[in-house]
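Spelled out from the first residue to the last, the chains are:
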Amino acid sequence: MPFDPDATGVIPKLTFEPPSGKGANAAEEAPKGAETEGTETEGTEEKGSTDRGSTDEDAADKGAADEGGADAETTTAIRLPLPPPAPDTTYTDTADTDTADTNPAGVKPPVVAEPPKPPASGAGEEVGGTQPMKVQPATPPKPADAPKPADVPKPSDAPSTTSATTEGGPSDVPPAGGAAVPSGGAPAASQAPAGARTLADLVQPMTVPGPPGGGVAVQSPPVSSPPLPQQAPYGGPQRQQAPKKGIGARLGALVASAPKWLPVLLVLEGLVMYVLALKVPPGPWRGVDPADIDGLGLISALPATAFIAILIMLVSFFVTVSQSTDRKFLLLFQIAAITFALHGAGALVADEPRFPTAYIHAGFVEFIGRTGETAINIDARMGWPGFFALFAFVTKAAGISDMTTILQWTPLLSNLLYLLPFVLILRQVVATTRARWFAALLFVLVQWIGQDYFSPQGFTFALYLAFVAILLRWFGRVEQRTKPVPPKGLRKWIGKLDAMTPGELANTGTFRADKLLMLMMLIALFLASVASHQITPFMMLGVVTAFLLFKRTTLTWALPFFLGLIVLAWISYMTVGFWASQIDTIFGGLGNILQNLRSNTGDRIEGTDPAHAMVLQARLGILAVILACAAAGLFRRLRRGVFDRSALILLCVPVLALGLQSYGGEIGLRIYMFALPGACLLAAYAFFPNLPADSADVREETVPLRRRNVRFDPQLTKRISLVLAACFAVVFAMAFLLARYGNEKFERVTTGEVAALHYVYDHDKPSARVLYLVPKEGPEVTPTLPWGERDIERVSFSEQALVFKDPSKIDNAVAKLKSAPRNSYLMVSRGQVSYLQLNEGFPADWGERFRAALDRSPDVKRVYANQDAALYTWKKFVRGTEIPEPNPYEGRGDPTSPWTPVGIAALAVTWVALFSYEIIRLNGPNRAPRARRRLLFLAVPAFAVALAVIVERFLYIAANN
């Protein structure tokens, strides 16, 4: 097989069994590295100062191995003849300097008289049908005067024979033509130690001619040499007995492989420890006693082993992320384990599903499954019944009658579901592996908002993340600026930003069928959000519009008009029962940014319990820290010449909702939730801002693109960044437990409260009413009890009973109960009392004293009581009037306007035209321009008519209702 001079593979060593003899000549050592000694590899700079971490070190090692200096090892080349020797070859005997010492039998190797060719690609490589095999002798010294590449004889020079050296020293052998080899052309072999035998001791150089076209010297083993002891016979298997590994060697191998198994062991250990710490009976280092929960929430009752388990799982994550390989599945499992520990704590501790509002959503599902219709006049949320109708279909098809398990584990399942599209979003950004996985971890640690329970907003948030992931993955657009940057003014700064390296990956290689399928998926996700939630569609619409403004999507402006018309049509035609009499409620907060901000920040910190005030301040602290980290990450990326437009869009678009309305004082919470993807991504850049290495498999990070930004050792800064990221993760994890479960004292639902309401449901025929305690009356105060689990059309929770800090003042509550219809109940529960204590400053024993005052009242009687709740009703009724009047649910038809049919027809024409325009545009920007122009001529007037009818419906129906 011909020798490939560009091959770089490792050639296996061959062992020859020489014939029996009494002497052995040392093989001549080839002057490997003589041509390359003294040369240095000059590093190149990428854009000035890009450092590739381990890539440069590998290049340096490779260059050191190619040099013939002190660091390079001298090798002996043994060359096997491939073609047979030519018949006219002349052999001559050459005297060796140490023949008398090393070869007493007088056997001398024949040497060919033809000159060899110079090496083609470096010392030790020859082209002539031979392939070099390298045998390493015992530590040869560096040659004193190795020839430079310019000193190597050319083919036109006088021919010379191969110089052989033995253990004695160098020897000049005259060639057949009489020309001598220049002195110093070959280094001397080092003296082997006494008693040591290597392959060089067993090999004598014998030159065999190469092919007829070129005189290549080929060395073969000597004719005679003594056999080595304990060596297999010639032609036998060359096997060596592997040494048995002792306990120390096995332990060393186990320790060396610790990076592979240690993270897995740590995360499993942390999971088991955490579950045991929360589920076992309460003790000194284990278990959770609900009686220990105070104003700080669940964190005050958690045992120390729970915090240690969370710390172990975080350490496991950072041990894995710091390794040189991207272990995707292990990292995803570790983040899922941390998610289980943080977001599943409530399900592990509580006996009943937590968060009272989840029960009314279960009641909506039960009503739709039982009646097959919605009831917007019962509750405005039924005007967006997509989420409830979906679960009504699922529970009825699966035969599920009790939704307790679904309610209990929905927060954990929702957060695990959020991870999937968010990881897909992270794959579309230009960032290091550490930055991506740390952003995923931050997304879990700072998601304390508590909207992940069984609710439409928790469900549609997953749809929002999937919507953004599809936009970036299949419709992303990354184009470098080609226009010159303006010389001055604001346009100069905008041009500089536009000319920076994009922070997103370009979308390449997507088939048209895939894009069409993903476009239909986008529309389906948007339709599901429109039918399920009030705010999520506006967030999706804002993201699409911002992507078009900043040129980060290949879609056209037809899509936002198409989607926007869907939102307006749903509100106008499907939620008339909600907005017909509440126009002021819908548009009252429009533009009141300061008032909306006040209702979402300052009003929520005015708690009187000092411990609970710390919880509210911790939530704002997490918000401030994550936004500060996001700003630092954006700044560090800009210094490296990277502009992350998509992440900035995802952060800023939700903030625009602050100018719409207060949303019952919760618009700030929703803004925080929808801004988390962009905030977490930019916050991860604060610790790992560099661009990834060229190879997809390389984990090392680069240093900044500009030399003036390089100030520290990249290896040191990477370690510092990793340690800082781990410290912030631990702080965020502890703050999460404080912020997420800080309201656990009144958000926790007890078995006694559920049993009390089940008593009401069992006696609600034909109707019933429940009065709940409030410190002030108003529609924004909702019940702090598990209300509305079933029979939402029979049981009303619209009555409020005003109470005071003095538990003996029960007159107002008794009067409200007396004025209520028959079969009405005043409910006093643990959750309501805890809310009054933490947020309104009621005394610690207020609940017991208030119930005692009601028991002493001659006007009310207690019909049900347990440790957690009590039900009171009016004691004296006229005989025969204890049973309430029937109050069945009766739906009403939605009002309409004269132009409604015209508006519906215009909507259909607009949607068909815009959707067809977008489909044609998927083929390319220059496909069918005439057809697209005609579609626009049809869509624009139809859109104007549809919009005008929607406005007409608002004015006409609001004026007549």
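Engineer: Account for the overall build of the protein, naming residues and giving values.
Structural biologist: The helix and strand tally for the protein stands at 31 helices and 13 strands. Here the protein holds 961 residues, and the buried ones make up 48% of them. Within the protein, residue pairs in contact and separated by at least 24 positions form 80% of the contacts whose partners lie at least 6 positions apart. For the protein, the accessible surface area stands at approximately 46,500 Å², while carbon and sulfur atoms represent 61% of it.

Engineer: Summarise the environment of Ala870; cite the residues concerned and give the values.
Structural biologist: Its place among the elements puts Ala870 in strand β13 (residues 869-874). For Ala870, a relative accessible area of 0% puts it in the buried group. Sequence-wise, Ala870 and Leu826 are 44 residues apart; in three dimensions their C-alpha atoms are separated by 8.2 Å.

Engineer: Just give me the short version of the packing of helix α4 (residues 258-279) against helix α5 (residues 304-321), but keep the residues and values in it.
Structural biologist: At a closest axis distance of 8 Å, the pairing of α4 and α5 adopts a crossing angle of 160 degrees. Our classification of the angle between α4 and α5 gives roughly antiparallel. Seen from above, α4 lies across α5 with left-handed handedness. Across from Pro263, Leu266, Val267, Glu269, Gly270, Leu271, Met273, Tyr274, Ala277 and Leu278 in α4, the residues of α5 making contact are Thr305, Ala306, Ile308, Ala309, Ile310, Ile312, Met313, Val315, Ser316, Val319 and Thr320.

Engineer: Go over the side chain of Gln323, please, and point to the residues and values.
Structural biologist: Examined against the element boundaries, Gln323 turns out to sit in the loop between α5 and α6 (328-343). Relative accessible area serves as the criterion here: at 13%, Gln323 is assigned to the buried category. Polar side-chain contacts of Gln323 include one of 2.5 Å to the backbone oxygen of Pro259.

Engineer: Explain the side chain of Arg645 residue by residue, including any values.
Structural biologist: Mapping Arg645 onto the fold places it in helix α22 (residues 645-652). Only 2.9 Å separates the side chain of Arg645 from the backbone oxygen of Phe550, close enough to count as a polar contact. For Arg645, the contacting residues outside a window of four places in its chain are Leu497, Asp498, Glu504, Phe550 and Arg552.

Engineer: Can you tell me about the pattern of salt bridges, naming the residues and giving the values?
Structural biologist: By the definition in use, this model includes 18 salt bridges. Taking the shortest distance from any N to any O, the salt bridge between Arg794 and Asp791 comes out at 3.1 Å. Linked by salt bridges that have partners in common, Glu366, Arg370, Asp791, Glu793 and Arg794 make up one network.

Engineer: Quick rundown of the packing of α5 against α6? Include the residues and the values.
Structural biologist: When two helices pack together, you describe them by how their axes are tilted relative to each other and by the distance separating the axes. Running from N to C, α5 and α6 cross one another at 160 degrees; their axes reach a closest spacing of 10 Å. One element, α5, and the other, α6, form an angle in the roughly antiparallel class. Every pair of crossing elements has a handedness; the one defined by α5 and α6 is left-handed. Residues Ile310, Met313, Leu314, Ser316, Phe317, Thr320 and Val321 of α5 form the contact with α6, whose participating residues are Leu330, Leu331, Gln334, Ile335, Ala337, Ile338, Ala341 and Leu342. Class assignment for the residues of the contact of α5 with α6 results in twelve nonpolar, three polar and no charged.

Engineer: Tell me about the nonpolar core, residues and numbers included.
Structural biologist: Formed by 132 residues in total, the largest nonpolar core has its most connected members in Tyr274, Leu278, Phe318, Phe438, Leu441, Tyr464 and Phe467. Here the element with the most residues in this core is helix α23 (residues 667-685); it accounts for 15 residues. Leave out the neighbours within four places in its chain, and Tyr464 touches Thr536, Met539, Met540, Val543, Leu650 and Phe674. Phe388, Val749, Tyr772 and Ala869 belong to the second-largest nonpolar core, a separate cluster that totals 38 residues.

Engineer: Would you mind going over helix α21 (residues 610-639) in detail, with residue names and values included?
Structural biologist: Counted at 1.5 Å a residue, the expected span for α21 with its 30 residues is 44 Å, and the 43 Å between its end C-alpha atoms agrees. In the segment just after α21, Gly641 is the residue with positive phi, at about 80 degrees.

Engineer: Go over the packing of aromatic side chains with me, naming the residues and quoting the values.
Structural biologist: Applying the stated rule across the entire model yields 29 aromatic pairs. The interplanar angle of 85 degrees and the centroid separation of 5.0 Å between the aromatic rings of Tyr418 and Phe461 together place this pair among those described as edge-to-face. Here Phe461 lies in helix α12 (residues 456-474) and Tyr418 lies in helix α10 (residues 404-426), a separation of 43 residues in the sequence. On the accessibility criterion, Tyr418 (1% relative accessible area) is buried.

Engineer: Could you give an account of the environment of Ala679, naming the residues involved and the relevant values?
Structural biologist: Considering the arrangement of structural elements, one finds Ala679 in helix α23. On the basis of relative accessible area, Ala679 is assigned to the buried category, the value being 3%. Linking Ala679 and Leu442, residues 237 residues apart in sequence, is a C-alpha distance of 9.3 Å. Sequence-distant contacts of Ala679, that is, excluding residues within four places in its chain, are made with Ala630 and Leu651.

Engineer: Explain the sheet that holds strand β12 (residues 860-865) residue by residue, including any values.
Structural biologist: Strand order in this open sheet of five strands is β10-β9-β11-β13-β12, and the pairing throughout is mixed. Among the strands making up the open sheet, the edge pair consists of β10 (795-802) and β12. Strand after strand, the sheet turns through a mean of 35 degrees between neighbouring axes, direction not considered. Both strand β9 (residues 768-774) and β10 contribute to a ladder of six bridges, which runs parallel. Residue pairing across strands places Ala768 opposite Val795, the latter belonging to β10. Here helix α29 (residues 846-856) sits on the sheet in contact with β9, β11 (824-829), β12 and β13, set at roughly 30 degrees to β13.

Engineer: Explain helix α28 (residues 830-840) to me, and be specific about the residues and the numbers.
Structural biologist: The buried fraction of α28 amounts to eight of the eleven residues, a majority that puts the element mostly inside the structure. All of the buried residues in α28 are Gly831, Gln832, Val833, Ser834, Leu836, Gln837, Leu838 and Asn839. Those residues of α28 hidden inside the fold are in contact with α21, α25 (744-747), α26 (751-762), β9, β11 and α29. Once α28 ends, the next one or two residues include Gly841, with phi positive near 75 degrees.

Engineer: Account for unusual backbone geometry, naming residues and giving values.
Structural biologist: Of all residues except glycine, most have a negative phi; of all peptide bonds, most are trans. Residues Lys765 and Pro766 are joined by a peptide bond in cis, for which omega reads 0 degrees. Relative to the elements of secondary structure, Pro766 occurs in the loop between α26 and β9. The phi torsion at Phe355 lies on the positive side, around 70 degrees, for a residue other than glycine. Secondary-structure assignment places Phe355 in the loop between α7 (345-349) and α8 (357-371). On the basis of relative accessibility, which here comes to 17%, the residue Phe355 falls in the buried class. The residue Asn823 is not glycine, and still its phi comes out positive at about 65 degrees.

Engineer: Lay out the confidence of the model for the protein with the relevant residues and their values.
Structural biologist: In the predicted model, the protein carries a mean pLDDT of 75, and 67% of its residues have values of at least 70. In this model, residues 1-83 is a region of pLDDT below 50 whose contacts with residues beyond four sequence positions or in other chains number 195 contacts.

Engineer: Residue-level account of the pairing of β12, with values.
Structural biologist: Taken together, the five bridges between β12 and β13 define a ladder with antiparallel strand orientation. Bridge assignment links Lys861 to a residue of β13, and that residue is Thr873. Here β12 folds back onto β13 in antiparallel fashion, the turn holding three residues.

Engineer: Please provide a residue-by-residue account of a nonpolar patch on the surface, values included.
Structural biologist: A contiguous nonpolar patch, built from Ile247, Leu251, Leu254, Trp261, Leu262 and Leu265 and spanning about 570 Å² of accessible area, is present on the exposed surface. Relative to the helices and strands, Trp261 is located in helix α4. Relative accessible area serves as the criterion here: at 33%, Trp261 is assigned to the partly exposed category.

Cut-offs used in this document
- Residues numbered from 1 in each chain as written.
- Predicted model: local features only at pLDDT ≥ 70, side-chain atom pairs only at ≥ 80, totals over all residues.
- Heavy atoms only, no water.
- Helix = DSSP H or I, 4+ residues; strand = E, 2+ residues; numbered from the N terminus.
- Buried < 20%, exposed > 50% of the residue type's maximum accessible area, 1.4 Å probe, protein only.
- Contact = heavy atoms within 4.5 Å.
- Areas by Shrake-Rupley, 256 points an atom, 1.4 Å probe, with all protein chains shown as cover.
- Axes fitted to C-alpha atoms, helices over the stretch in contact; angles between N-to-C directions.
- Parallel < 35°, antiparallel > 145°, perpendicular 65-115°, else oblique.
- Left-handed = near helix turned anticlockwise from the far one by under 90°.
- Polar contact = N/O pair within 3.5 Å; in protein donor to acceptor, adjacent residues only side chain to side chain.
- Salt bridge = Lys/Arg side-chain N within 4 Å of Asp/Glu carboxyl O.
- Nonpolar A, V, L, I, M, F, W, Y, C, P; charged D, E, K, R; others polar.
- Core = buried A, V, L, I, M, F, W, Y, C linked by side-chain atoms within 4.5 Å.
- Expected span 1.5 Å × (residues − 1).
- Phe/Tyr/Trp six-rings, centres within 6.5 Å; stacked < 30°, edge-to-face > 60°.
- Pairing = 2+ DSSP bridges.
- pLDDT = per-residue confidence, 0-100.
- Patch = residues over 30% accessible without salt bridge, like charges linked within 9 Å, V, L, I, M, F, W, Y side chains within 5 Å.

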